Amino acid sequence: MRVLVVGGGPGGLYAALLLKRRHPDARITVGERNRPDDTFGWGVVLSDQTVDNLRAADPHSAARIARALHHWDDIEIHFANRAIRSGGHGFSGIGRKALLAILHERCTALGVELQFQTELPADLDAIVATERPDLIIAADGLNSRIRERYRDSFGPDTDLRLCRYVWLGTPRKFDAFTFAFRETEHGWFQAHAYQFDGAMSTFIVETPQDVWERAGLDAMDAADAIAFCERLFADRLDGAPLMSNATHLRGSAQWIRFPRITCRSWVHWIGSVPVVLLGDAAHTAHFSIGSGSKLALEDAIALDAILAEEPDLPRALQRYQAERSVEVLKLQNAARNSTEWFEHVDRYARLAPEQFAYSLLTRSQRISHENLRARDPAYVASFERWFAQQAGLPVDPAVPAPPALLTPFTLRGVTLRNRVVVSPMAQYSADTDGMPTDWHLVHYGARALGGAGLVMTEMTCPAPDARITPWCTGLWNRRHRDAWARIVRFVHEQSGARIGLQLGHAGAKGATQKMWEGIDQPLPDGEWPLIAPSRIQYLDGISQTAREMDRNDMDRVREEFVRATRLGAEAGFDWLELHCAHGYLLSAFLSPLTNTRRDAFGGSPEARARFPLEVFAAMRAVWPADRPMSVRISAHDWAEGGNTGDDAVDIARRFKAAGADMIDVSAGQVVKAERPVFGRMWQTPFADRVRQEAGIATIAVGAITDADQANGVIASGRADLVAIGRPHLVNPGWTLTESARVGYPGSDALWPPQYRAAKQQLDRLMERERATLAAAVTAPPKGELT
């Protein structure tokens, strides 16, 4: 077997030594353009799991690497003249030069041919023709010339991120992985620092591109830029200098913008010879969650193992990409969250130091609240006491404070007993005149008894022609009011929950069948005329075409909302929400995809928001001043030309100025051709951004399924409330179950006295569950900066 490895970084060297170890008779050559001692980084971070994988793959080199590792457990965050430390994270660092030297020695001992200062051509066709290798491994880094030469096959996609960073070293020793933040007249800078051997530490300085330019770093030479960083972080450096080993780069060229790279395919064929990408040539993940070397080493281990198991080379390489791309995608998704956090430090600098630090530790959404508790119980207990105090609770150090999710929340004159909201969910179970039925009494009553802080009604419509289906609830007469009042009384008298009314108008998405009979499909008969901001059809060629509203229509609709608002207040609802999301009437005004008007209500964002704000203001004027009012929006249309997160912040600011107390941040469902990006807590980043940038309280929704996730959302300040939908359909007592699952002993007050006998049984069950988990997983995942 003849193998050519292009690139002598850790990933390429490790792939070569593993293949040579498994196939001693193979001829394996590594071609590297630089000298053996050249390196342009300082330290490499390895997770404990990666170290274990190295030990299993090649014990000889792993033993050498293990002896050279510098290990630490703590993360220390310096912000606003505070130092906050969390332990139990488990990192290992090694000098990049030391790692390369170990791998050079091991390769040489095994018989791998190392060719330094060898510039192989990016066009490999001639090499294939003359040297006839069986396999070429392209491990030539994030600026891979081979990937670019064969980009039609590899299909690379590069997302150049917003920050500039410089990779420096210092003799200052850090006893924890250290994050330091500095606000300047130009904007925020941050340092990522960690010790990687007995004498040296990596010190990365990062800042957004616009801040970098305002600070004049684009015009500084290397020495002046280093001096700037030394002054900026003098208190952390304690007089130690900063050093660069990228002396081949001039001035501003040492400051890099990180490229997030993904590839459609990792394999290109030159005749019968495959060229396979490895490490940064195939993918990158931001340094804030670990090192690219870690991923490259794991790629090499996987490639070697799969080639040994699968004799058919095309199938083996297909499997290599399939298996590794899944793991890489997980890390890249976490890295995206982490990258965006550091790109917007100014967004989170509004938080108190305690919450800022917690937000940083959980920024990737891979480290959860309970995972953080397992790593450092004392830190989490201290944070929970602080959070409870901010919520107005008395705190006794001898008694565990409630987790963030179970703390109270107050808006205007309404206090919720906890942060759990039963999300509005259409039931399609009203009488055909819009009357709520016994189904609604039991549905909402059960969830109020189940421990939630706020139970929201489904979208309730202010007129017959405002409904999605004939079986949607309405509120346009006193009979409706009285039926709702019966439900409100039950919630108030039998539980500690509050109940909110959501009002909305279906617009062009009206006159359809029940969801389970044909979602968004028009009624076979009995349709009513539809209205919308513009002449639109939700399902092309299928849905009824809605006519464009005129001023008379707007006046009528506004007054219908006002009438429903008054009736809702008379029914005793505690909370009112205006539905301006999901492509319904008011949402359709806000989106440029569904609002193509050329009058005062279409065109600019200000004009598109004019009618929804008019409706809101009219409702707020008649809704009691001591009761909160929220607005649900679609923060992203998930379609080209539609609203994005930037627009969501703008819309939220407009509603805040009009008197909204809170924004319920959903996304999508505006047009059928949307392409949403799903995942755990997938809409929470929008709630986070609206909360920080618009300065208004938010509700987070979307694939939040357990208390661990919900606690992280609330504790980090990404939202003030969490709306739980489908889990409440499965389990009306979701809040009771989850409070038992996290083991909070103070949740007795949530339980109706009739159900408390079951609490004792549930507590025992959950205690056994926690013990089983603790035995199965002796420690949480460690060694990533996530």
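First, a word on what this report is: a plain description of the structure on this page. Counting restarts for each chain: residues are numbered from 1 in the order of the written sequence. Where totals are concerned, whole chains, interfaces and linings use all residues; where local detail is concerned, this predicted model gives features only for residues with pLDDT of at least 70, and gives and counts side-chain atom pairs only at 80 or more. Side-chain figures throughout are based on the complete set of non-hydrogen atoms in the structure, without hydrogens or water.

Overview of the overall build of the protein chain
In this text, helices come from DSSP runs of H or I with a minimum length of four residues, and strands from runs of E with a minimum of two, each type numbered from the N-terminal end. Counting secondary structure elements, the protein chain contains 29 helices and 28 strands. Oriented by its inertia axes, the alpha-carbon framework of the protein chain measures out at about 90 × 65 × 55 Å. With 786 residues in all, the protein chain has 61% of them scored as buried. Per-residue and other accessible areas were derived by the Shrake-Rupley procedure at a 1.4 Å probe size, with only the shown protein chains allowed to occlude residues. For the protein chain, the accessible area works out to roughly 30600 Å², and carbon and sulfur atoms hold 50% of it. Exposure classes here rest on a 1.4 Å probe applied to the protein chains alone. A residue is buried below 20% of its type maximum, exposed above 50%, and partly exposed in between.

A look at helix 4 (residues 96–110)
A rise of 1.5 Å per residue sets the reference length of helix 4, with its 15 residues, at 21 Å; its end C-alpha atoms lie 21 Å apart and thus fit the reference within 8%. Taken residue by residue, helix 4 has Leu99, Leu100, Ile102, Leu103, His104, Arg106 and Cys107 as its buried positions. Contact partners of the buried residues in helix 4: helix 1 (10–22), strand 3 (43–47), helix 3 (59–68), strand 7 (91–95) and strand 8 (113–115). Take the number of residues in a helix, subtract one, and multiply by 1.5 Å to get its expected span. For this analysis, residues touch if any pair of their heavy atoms sits within 4.5 Å.

Observations concerning the packing of helix 1 against helix 4
Orientation is described by lines fitted to C-alpha atoms, with helices fitted over the stretch in contact, and by angles between N-to-C directions that extend from 0 to 180 degrees. Relative orientation of the contacting elements helix 1 and helix 4 amounts to 25°, with a least axis distance of 9 Å. Judged by the inter-axis angle, helix 1 sits roughly parallel to helix 4. Crossing of helix 1 over helix 4 shows left-handed handedness. Each of Pro10, Leu13, Tyr14, Leu17, Lys20 and Arg21 in helix 1 lies in contact with helix 4, whose residues at this interface are Arg96, Leu99, Leu100, Leu103, His104, Arg106, Cys107 and Leu110. By definition in this entry, angles of less than 35 degrees are roughly parallel, angles greater than 145 are roughly antiparallel, angles of 65 to 115 are roughly perpendicular, and the rest are oblique. Crossings are classed by handedness, with left-handed meaning an anticlockwise turn of the near helix from the far one by less than a right angle and right-handed meaning a clockwise turn.

A look at the packing of aromatic side chains
Planes of paired rings set the category: under 30 degrees apart is stacked, over 60 is edge-to-face and the rest tilted, where pairs are Phe, Tyr or Trp rings (Trp by its six-membered ring) whose centres lie within 6.5 Å. Considering all chains together, one arrives at 36 aromatic pairs under this definition. Measuring from ring centre to ring centre gives 6.4 Å for Phe79 and Phe181, while their planes differ by 85°; the resulting arrangement is edge-to-face. With Phe79 in strand 5 (residues 75–79) and Phe181 in strand 11 (residues 177–183), the pair connects residues that are 102 residues apart, well separated along the chain. In this structure Phe181 comes out as buried when scored by relative accessible area, which is 3%. Aromatic side chains Trp266 and Tyr320 sit 5.5 Å apart centroid to centroid with 70° between the ring planes, which places their arrangement in the edge-to-face category. Of this pair, Trp266 sits in the loop between strand 14 (256–263) and strand 15 (267–270) while Tyr320 sits in helix 12 (residues 313–343), and the two are 54 residues apart along the sequence. Comparing Trp266 with Tyr320, the two get one shared label, buried.

What to know about unusual backbone geometry
One non-glycine residue, Asp238, lies in the positive phi region at around 50°. Assignment of secondary structure puts Asp238 in the loop between helix 10 (234–237) and strand 14. Residue Asp238 is classed as exposed on the basis of its relative accessible area, which comes to 58%. The backbone phi angle of Gln365 is positive, close to 70°, even though this residue is not glycine. Structurally, Gln365 is set in the loop between helix 14 (353–361) and helix 15 (369–375). Judged by relative accessible area, which is 13%, Gln365 ranks as buried.

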